[in-house]
Protein chains: 2
Amino acid sequence: MPEPDEVTTVACIGAGVIGGGWVAHFLAKGFRVRAWDPAPDAERRLGRLVEAAWPALTELGLAEGASRDNLTVLPTLAEAVEGAEFVQESAPEDLAVKRTLLADIAAAAPEGVVIASSTSGYGMSEMQTEAATPGRLVVGHPFNPPYLIPLVEVAGGTRTEAWAVDWASRFYRQVGKTVITMDNELPGFIANRLQEALWREALHMVANGEATVEQIDTAITDGPGLRWPVHGPCLTFHLAGGEGGMAHMLDHFGPSLKAPWTRLEAPELTRRLRDDMVDGCETEAGERSIADLVAERDRAIIAVQRAVRASRETTS
Amino acid sequence: MPEPDEVTTVACIGAGVIGGGWVAHFLAKGFRVRAWDPAPDAERRLGRLVEAAWPALTELGLAEGASRDNLTVLPTLAEAVEGAEFVQESAPEDLAVKRTLLADIAAAAPEGVVIASSTSGYGMSEMQTEAATPGRLVVGHPFNPPYLIPLVEVAGGTRTEAWAVDWASRFYRQVGKTVITMDNELPGFIANRLQEALWREALHMVANGEATVEQIDTAITDGPGLRWPVHGPCLTFHLAGGEGGMAHMLDHFGPSLKAPWTRLEAPELTRRLRDDMVDGCETEAGERSIADLVAERDRAIIAVQRAVRASRETTS
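Residues numbered from 1 in each chain as written. Chains lettered and ligands numbered in written order. Predicted model: local features only at pLDDT ≥ 70, side-chain atom pairs only at ≥ 80, totals over all residues. Heavy atoms only, no water.

Caption draft 1: Looking closely at the interface of chain A and chain B. The interface of chain A with chain B comprises 119 residues on the first partner and 119 residues on the second. Note on chain A versus chain B: buried area summed over both sides is about 10,800 Å², and carbon and sulfur give 67% of it. Looking at the side of chain A facing chain B, the largest losses of area belong to Trp199, Arg200 and Trp261 of chain A, adding up to 8% of the total buried there. Linking chain A with chain B are six salt bridges, by the criterion used here. Notably, a salt bridge pairs Arg193 of chain A with Glu201 of chain B, separated by 3.0 Å at the nearest N-O pair. The element that contributes the greatest number of residues to the side of chain A that touches chain B is helix 12 (residues 290-315) of chain A, accounting for 19 residues. (Contact = heavy atoms within 4.5 Å. Buried area = accessible area lost by both parts, 1.4 Å probe. Salt bridge = Lys/Arg side-chain N within 4 Å of Asp/Glu carboxyl O. Helix = DSSP H or I, 4+ residues; strand = E, 2+ residues; numbered from the N terminus.)

Dropping the structure here:
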């Protein structure tokens, strides 16, 4: 098995939005990509997806030797994984499909090669049940579009071997990703749990006639969404507390956790949870004072708004 | 009562992070600002908050005549609202405090002047109970920092008169805000309900040792948070469906609404909810095709990442 920085050929299984996004990402990073999808128009679909992504990838800067010509769409799964040093599976989100497909990939892929699933929320333990070599199966969960959003969440199942989780984490970092390696099999991982809570609250509001689709989107794009590329939800609230930071914020806004501001019940704000939030924010802030963080946030919000405005003007 | 575009003097009550942010915003827009807070060091605190905000506001461009010298901190509430043509209340989030303070403001403010509360989630109906002139009391809920985040949610209570909601909505637009005028008194309004659902899920994960503060923040800043300044959660998922848009997305990922990806139960995905989401996305997208939206998103994500990176480098 090659080291993560020695990989030259990857296989991408699945030609949907996520599978196509991975193909574009790996091509832009200079890899040879072997792809397969059972759909008869897989080659055409992948071609269109890569074409749509290429201007953005060119703008970002292609790796040496990167070319759309390095994509080969193969007629069978077995041919696609032949010679691959890493496999990314991006099939539809259906447990039975994933189980069978991962078993087929594991049967065909060269020995010792890590196989990662793009699943949005299944645990690897429930997906690896049919595979003959489950030790090399991991979750490698990207965000749409995989060629631009850095985050990949990596997690193993009960039968996954530790080296595979480690290898996949190092490989994704090698290809420019921000990796969160998880110790446990949390359904939906971390980012999708956060996003899904927000999404379900949005669906409830539309279902109840409390807000429209457009109001919901505006509430995010012109509201808290402007802060989230620079500071996540915890650091954002660290600043809402002023000079007192997260400690002041929890002591001040703690009671709102009892308020019916969402249909999701909050956990009990124990002393320990409060301290974990405060300590976590202080660790994350590191050397940056509250004033530094405020200045950083303000500069970023202005720049983000300008960036979004410019990108909209180019479109229209 | 002046028209929204004739206002020259506003009163800001409260010298915390939000109150100070409003002071900075109105000063930058060229208003004379009269402020009051019961704290003995209110003048010093407001001075520091305005000072911290001023570089960003200067960068954005100050209105003609804008000056920090246009701030007057008064020793009493009655003096602060004297001559004001609009009042923004930003007291601590405590219902008893809000009730009494809004009654005091209503008793002292010039006749016919609109009084808006920055409350994060109380309904105006429950806050206006003590006021002698409740008809002019509205919620005007900003986001931190109020001098940079455009969103303001405007809502009246049962005793608020329609003209006051209308006047406040027009006034906020006049001073550069994105306004969502709500027809109902939804606790937490729209943006805070979305944000609060995400926040409570985050607290549960920390409380259960499922994720750290830093993992949660990274999951957002390097994941879905990069998409939210350009497309809100609905339009984001419209693109996750590929050429099929929201319709394909709901048909494909609908089953995940039953999955334990968050502690928040989803509503039933009825035909009507599905159609409301699909129609809402199509209305919002307007003339923009899926390909246009993908191109817009990709350009924006690249620009947003560059903007955030540049703002971080300036800090360190």
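Read on for the rest.
Caption draft 2: How the structure looks around the sheet that holds strand 5 (residues 114-117) of chain B. All names here are of chain B. Across the sheet, which stays open at both edges, the eight strands sit in the order 3-2-1-4-5-6-7-8 with mixed pairing between neighbours. Strands with a single pairing partner mark the edges of an open sheet, and in this sheet they are strand 3 (71-73) and strand 8 (178-181). Taken over all neighbouring pairs, the strand axes of this sheet differ in orientation by 25 degrees on average, direction set aside. Helix 6 (residues 162-174) contacts strand 1 (9-13), strand 4 (86-89), strand 5, strand 6 (137-141), strand 7 (151-156) and strand 8 of the sheet and is inclined by roughly 170 degrees relative to strand 7. (Pairing = 2+ DSSP bridges. Axes fitted to C-alpha atoms, helices over the stretch in contact; angles between N-to-C directions.)

Caption draft 3: Just the packing of helix 7 (residues 191-207) of chain A against helix 9 (residues 233-240) of chain B, in detail. Packing of helix 7 of chain A against helix 9 of chain B leaves a shortest axis separation of 10 Å and a crossing angle of 110 degrees. Compared by their axis directions, helix 7 of chain A and helix 9 of chain B come out roughly perpendicular. In terms of crossing hand, the pair formed by helix 7 of chain A and helix 9 of chain B is left-handed. Residues Gln195, Leu198 and Trp199 of chain A of helix 7 of chain A form the contact with helix 9 of chain B, whose participating residues are Pro233, Cys234 and Phe237 of chain B. Grouping the amino acids of the contact of helix 7 of chain A with helix 9 of chain B by side-chain chemistry returns five nonpolar, one polar and no charged. (Parallel < 35°, antiparallel > 145°, perpendicular 65-115°, else oblique. Left-handed = near helix turned anticlockwise from the far one by under 90°. Nonpolar A, V, L, I, M, F, W, Y, C, P; charged D, E, K, R; others polar.)

Caption draft 4: Region of interest: the sheet that holds strand 6 (residues 137-141) of chain A. Across the sheet, eight strands lie side by side as 3-2-1-4-5-6-7-8 (chain A); this open sheet has mixed pairing. For this open sheet the edge positions go to strand 3 (71-73) and strand 8 (178-181) of chain A, each flanked by a neighbour on one side alone. Neighbour to neighbour, the strand axes of the sheet diverge by 25 degrees on average, direction disregarded. Sheet topology note: the strand 1 (residues 9-13) of chain A/strand 4 (residues 86-89) of chain A ladder contains three bridges and is parallel. Note on strand 4 of chain A: the bridge partner recorded for Ala11 of chain A is Val87 of chain A. Its contacts with the sheet place helix 8 (residues 213-221) of chain B against strand 7 (151-156) and strand 8 of chain A, and it is angled at close to 140 degrees to strand 8 of chain A.

Caption draft 5: A look at the pairing of strand 2 (residues 32-36) of chain A. Residue and element names in this part refer to chain A. One ladder, built from five bridges, connects strand 1 with strand 2; its direction is parallel. Within strand 2, the residue paired with Cys12 across the bridge is Ala35. Looking at chain direction, strand 2 and strand 3 are connected through three bridges and run parallel. Within the sheet, the bridge partner assigned to Val33 lies in strand 3 and is Leu71.

Caption draft 6: Region of interest: the state of the cysteines. All names here are of chain A. In this structure the tally under the stated criterion is zero disulfides over all chains. Cysteine Cys281 shares no disulfide, and the gap to the nearest cysteine sulfur, in Cys234, comes to 5.4 Å. Residue Cys281 is classed as buried on the basis of its relative accessible area of 0%. (Disulfide = S-S within 2.5 Å. Buried < 20%, exposed > 50% of the residue type's maximum accessible area, 1.4 Å probe, protein only.)

Caption draft 7: Focus on the pattern of salt bridges. Residue and element names in this part refer to chain B. According to the stated counting rule, one finds 38 salt bridges over all chains in the structure shown. Among the ionic pairs, Lys98 bridges to Glu89, the shortest N-O distance being 2.7 Å. Across this residue pair, the class does not change: Lys98 and Glu89 are buried. Here Glu93 ties to Lys98 by a salt bridge, and the two come within 4.0 Å at their closest N and O atoms.

Caption draft 8: Main features of the domain arrangement of chain A. Each assigned domain of chain A is listed here: domain 1 (4-181) and domain 2 (223-315). For domain 1 of chain A versus domain 2 of chain A, the distance between C-alpha centres works out to 33 Å. (Domains from an automatic or database assignment.)

Caption draft 9: The arrangement of the environment of Arg48 of chain A in detail. Here Arg48 of chain A shows up in helix 2 (residues 42-60). Arg48 of chain A sits in the partly exposed class, given a relative accessible area of 44%.

Caption draft 10: Quick look at unusual backbone geometry. Residue and element names in this part refer to chain A. The residue after Asn144, namely Pro145, is reached through a cis peptide bond having omega -5 degrees. Note that Pro145 resides in the loop between strand 6 and strand 7. Residue Phe189 is not a glycine yet carries a positive backbone phi of 60 degrees. Within the secondary structure, Phe189 sits in the loop between strand 8 and helix 7. On the basis of relative accessibility, which here comes to 2%, the residue Phe189 falls in the buried class.

Caption draft 11: The arrangement of the packing of aromatic side chains in detail. Evaluated as defined, the whole model comprises 25 aromatic pairs over all chains. Measuring from centroid to centroid gives 6.1 Å for Phe26 of chain B and Phe171 of chain B, while their planes differ by 25 degrees, and the two rings are stacked. Of this pair, Phe26 of chain B sits in helix 1 (residues 17-28) while Phe171 of chain B is found in helix 6, placing the two residues 145 residues apart along the sequence. An angle of 70 degrees between the planes, with centres 5.9 Å apart, marks the rings of Phe31 of chain B and Phe171 of chain B as edge-to-face. Residue Phe31 of chain B is found in the loop between helix 1 and strand 2 (32-36), and its partner Phe171 of chain B is found in helix 6; the two are separated by 140 residues along the sequence. The exposure classification of Phe31 of chain B matches that of Phe171 of chain B, with both residues buried. Members of the aromatic cluster, connected to one another through ring pairs, are Trp22, Phe26, Phe31, Phe86, Trp167, Phe171 and Tyr172 of chain A. (Phe/Tyr/Trp six-rings, centres within 6.5 Å; stacked < 30°, edge-to-face > 60°.)

Caption draft 12: Representation of the relation of the copies chain A and chain B. Turning chain A through 180 degrees and shifting it by 0.0 Å along the axis lays it on chain B, with an RMSD of 0.0 Å. Here the copies are linked by what is in effect a two-fold axis. Take the interface residues of chain A: 100% of them recur as interface residues in chain B, which is what a same-surface contact looks like. (Least-squares fit on C-alpha atoms with pLDDT ≥ 70 in both.)

Caption draft 13: Quick peek at the packing of helix 8 (residues 213-221) of chain A against helix 11 (residues 271-285) of chain B. Where helix 8 of chain A contacts helix 11 of chain B, the axes come no closer than 8 Å and their chain directions differ by 60 degrees. Classified by the interaxial angle, the pair formed by helix 8 of chain A and helix 11 of chain B is oblique. Along its contact with helix 8 of chain A, which presents Val213, Glu214 and Asp217 of chain A, the element helix 11 of chain B presents Asp276, Met277, Gly280, Cys281, Thr283 and Glu284 of chain B. Its residues assigned to classes, the contact of helix 8 of chain A with helix 11 of chain B comprises three nonpolar, two polar and four charged.

Caption draft 14: Expanded view of the environment of Thr212 of chain A. Residue and element names in this part refer to chain A. Considering the arrangement of structural elements, one finds Thr212 in the loop between helix 7 and helix 8. By relative accessible area, Thr212 is classed as partly exposed at 42%. It is 9.0 Å that separates the C-alpha atoms of Thr212 and Ala202, two residues lying 10 residues apart in sequence. Polar contacts involving the side chain of Thr212 include one to the main-chain amide nitrogen of Gln215, which spans 3.0 Å. (Polar contact = N/O pair within 3.5 Å; in protein donor to acceptor, adjacent residues only side chain to side chain.)

Caption draft 15: Molecular detail of helix 6 of chain B. Taking 1.5 Å per residue as the helical rise, helix 6 of chain B with its 13 residues ought to reach 18 Å, and the 18 Å between its terminal C-alpha atoms agrees with that figure. Every buried residue of helix 6 of chain B is accounted for by Ala164, Val165, Trp167, Ala168, Ser169, Phe171 and Tyr172 of chain B. (Expected span 1.5 Å × (residues − 1).)

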